[in-house]
Amino acid sequence: MLRGRSLSVTSLSGLPMWDVQELPIEDLLLFEVAWEVTNKVGGIYTVIQTKAKTTADEWGENYYLIGPYFEHNMKTQVEECEPPNQAIKKAMDAMNLHGCQVHFGRWLIEGSPYVVLFDIGYSSWNLDRWKGDLWEACHIGIPYHDREASDMLIFGSLTAWFLKEVTDHANGKHVIVQFHEWQAGTGLILSRARRLPIATIFTTHATLLGRYLCAANADFYNHLDKFDIDKEAGERQIYHRYCMERASVHCAHVFTTVSEITAIEAEHMLKRKPDVVTPNGLNIKKFSAVHEFQNLHALYKSRIQDFVRGHFYGHLDFDLEKTLFLFIAGRYEFSNKGADIFLEALSRLNFLLRVHKSDVTVVVFFIMPAKTNNFNVETLKGQAVRKQLWDTANSVKEKFGKKLYDALLRGEIPDLNKILDRDDVTIMKRAIFSTQRQSLPPVTTHNMIDDSTDPILSTIRRIGLFNSRTDRVKVILHPEFLSSTSPLLPMDYEEFVRGCHLGVFPSYYEPWGYTPAECTVMGIPSVTTNLSGFGCFMQEHVTDPAAYGIYIVDRRFCSPDESCNQLTQFLYGFCKQSRRQRIIQRNRTERLSDLLDWKYLGRTQGFKFPRPSSVPPSPTSSQHSSPHNSDVEDEDERYDEEEEAERDRMNIKSPFSLGQVPHEKKKQHGEHKN
């Protein structure tokens, strides 16, 4: 999205110089091109979907999305209609006349933006010719065996063709096109090679080579300026894809990325410094339950507690009211997502809680999809036992209640020793015996296909977190995405997040990080790092992130062991908070959601969210030396929720009233940001 439309295009390739700020929207056409338009693959889908309403509200019928056509997506997500713009209608007619299939409609999401969808398979007969066109344009060849790259070439060629037809019939309107990632980049390369009169923006959400290098456990950020880029890409057989990405970057008039950390990465990997950093946002209305997020936390926490009762049956010797629920979620990238350092920190946290004889228990969920056979039988049995006990308790309660009611009607005080007969006692004893188990509660809810080599399970075996009675930290691996139809944990992801106490995302490679951002807008504190775009964004715009429930682990300038110790201290400090402190912190976390609203992102440049004025400035500042009963309240803490909330609302909604912010000295690569 062009925030504030502050885009200038210089005279490149014969294009006249013009400034978007000087032109009314009626004289502009804005196209956004991405492989994930109506096609959910990863995070770009969330970016486009959440900002669609804000962009459509500003640009109206001059805003269009371009993506691939898939029949099942078209039937369920798109309402077909006629294009309101004659240039687009003529472009579609021309392409359909020459053997293409171009579809048009409204994407049924908030904002209902217009979408133009190309049928990739229907045009695949042009593949060889278009491979030749790409070679002539930039000398990039695509191997015959790379089906994905071939599909991207077809998509890009159709995009360039469509833009050519649109500009031919634009009637003086200026065309702006934003391309997302290398998948859409071919369209940008061909458009520039054919000198189309359009302004181009290329946005990278993560570099191709960066993902591959980090997944291979390379010391990525300390060797950014030392990698032989061509050699690394060639060894991983992605050289042609890397060339497509790099050519897109250098062909674009404006190059943007989503975070400062990715900007540094792109400058070294793609050899061009981004012109603009455009952080990702969220449609806050989708997540915000006004004045209700605390109640929703209690509601969904109780549902997670029900699952825990069943999973740990026979070993439920801990108090669920003093149990904290932590989670990590995302793609199963063991090192990139920080699951390795998280497990090591959990081992150290378990030691600290046991040494200090804490009555706090921590249950940690790993929501990471992996290959499985089916549900674990022991896990299914646990939920069945819990439901059976619930039914037994209700049956006895109903019988007890009827006898009590009859006795009171007769004006008698019932003899509690006689109100339960021998059968009732027998039923209860059988119920108690059914909860006995000889094995420990399972650490995974499913049967893993690669059980012996699975990184998470292998690490659990190494550190010895087997959910034994003496462990204060319990671990549950749930290797598939959450669903409200699941027989084990029937909750959607949003419901589950609201029910947890803390999201932990100590990523090593995270260009943005939607998981902690989603926690923030739902009022759930989270752990992130200064190697994630979200973490860098919060460091830049919040004076005291920890006071607002954003814990930022230093993984850039510290050794892995130091980072692990810091994460352990964050987790241990969180365990020491009282219930009141956690409520205060959730209130503060939820108020940060405006920072992530697409409506405000363009206005946060140079803005710094101040430290909370109430005492304590951070809930951790007045903690006891060891975890204590969370029901105990600290009466001497001065905290005015309404006053603090009003001050925060004024701060975020009027950032420019703070005056001119001086430009900071440019920091060198590797220099500590503090």
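Residues numbered from 1 in each chain as written. Predicted model: local features only at pLDDT ≥ 70, side-chain atom pairs only at ≥ 80, totals over all residues. Heavy atoms only, no water.

Where an unreviewed UniProt entry is consulted, the protein appears under the name Glycogen [starch] synthase, with the organism given as Sarcophilus harrisii. On record in UniProt, under Catalytic activity (unreviewed entry), the comment for the protein is "[(1->4)-alpha-D-glucosyl](n) + UDP-alpha-D-glucose = [(1->4)-alpha-D-glucosyl](n+1) + UDP + H(+)". UniProt, in the comment section headed Pathway (unreviewed entry), describes the protein in these words: "Glycan biosynthesis; glycogen biosynthesis." (UniProt positions renumbered as here; feature names shortened; annotations may be inferred.)

### Some details on the sheet that holds strand β16 (residues 473-478)
Strand order across the open sheet formed by 6 strands is β16-β13-β12-β17-β18-β19, with parallel pairing between neighbours. Because the sheet does not close on itself, it has two edges, and the strands there are β16 and β19 (550-553). Across the sheet, the mean angle from the axis of one strand to that of its neighbour is 25°, orientation sign disregarded. Across 7 bridges, the pairing between strand β12 (residues 323-329) and strand β13 (residues 361-367) is parallel. By the bridge assignment for β13, L326 is matched with V364. The sheet strands contacting helix α19 (residues 514-521) are β12, β17 (502-504), β18 (526-529) and β19, and the helix crosses β18 at an angle near 145°. (Pairing = 2+ DSSP bridges. Helix = DSSP H or I, 4+ residues; strand = E, 2+ residues; numbered from the N terminus. Axes fitted to C-alpha atoms, helices over the stretch in contact; angles between N-to-C directions. Contact = heavy atoms within 4.5 Å.)

### Points about the nonpolar core
Judged by nonpolar contacts, the single largest core of 87 residues is most densely connected at V308, L346, F365, F366, F496 and L571. A total of 9 residues in this core trace back to one element, the largest contributor, which is helix α13 (residues 339-355). Beyond its immediate chain neighbours, meaning those up to four positions away, L346 contacts V364, F366, L465, V473 and L571. Within the second largest apolar cluster, 72 residues are counted, among which are W130, L158, I189 and V249. (Core = buried A, V, L, I, M, F, W, Y, C linked by side-chain atoms within 4.5 Å. Buried < 20%, exposed > 50% of the residue type's maximum accessible area, 1.4 Å probe, protein only.)

### Overview of the environment of Y332
Considering the arrangement of structural elements, one finds Y332 in the loop between β12 and α13. Spatially, the C-alpha atom of Y332 lies 8.8 Å from that of I367, the residues being 35 residues apart in sequence. Apart from residues lying up to four places away in sequence, Y332 is in contact with M368, P369, A370, D454, P455 and I456. Within the structure, Y332 has its side chain in polar contact with the backbone nitrogen of I456 (distance 3.2 Å). (Polar contact = N/O pair within 3.5 Å; in protein donor to acceptor, adjacent residues only side chain to side chain.)

### Examining the pattern of salt bridges
In a structure, side chains of opposite charge can pair up when their charged atoms sit close to one another. Applying the stated criterion across every chain, the model contains 31 salt bridges. For E344, the salt bridge identified is with R462, shortest N-O distance 3.5 Å. Of this pair, E344 sits in helix α13 while R462 sits in helix α17 (residues 455-463); the two residues are 118 residues apart in sequence, bridging distant segments of the chain. Through salt bridges with shared partners, a single network forms among E344, R348, R462 and D561. (Salt bridge = Lys/Arg side-chain N within 4 Å of Asp/Glu carboxyl O.)

### Let's talk about helix α20 (residues 533-541)
Residues separated by three or four positions in an α-helix point in the same direction, a consequence of the helix having 3.6 residues per turn. Among the 9 residues that make up α20, 7 are buried, leaving the element largely enclosed by the rest of the structure. Listing the buried residues of α20 in full gives G533, F534, G535, C536, F537, M538 and H541. Where the residues of α20 are buried, they touch α10 (260-269), α19, β18, β19 and α23 (598-601).

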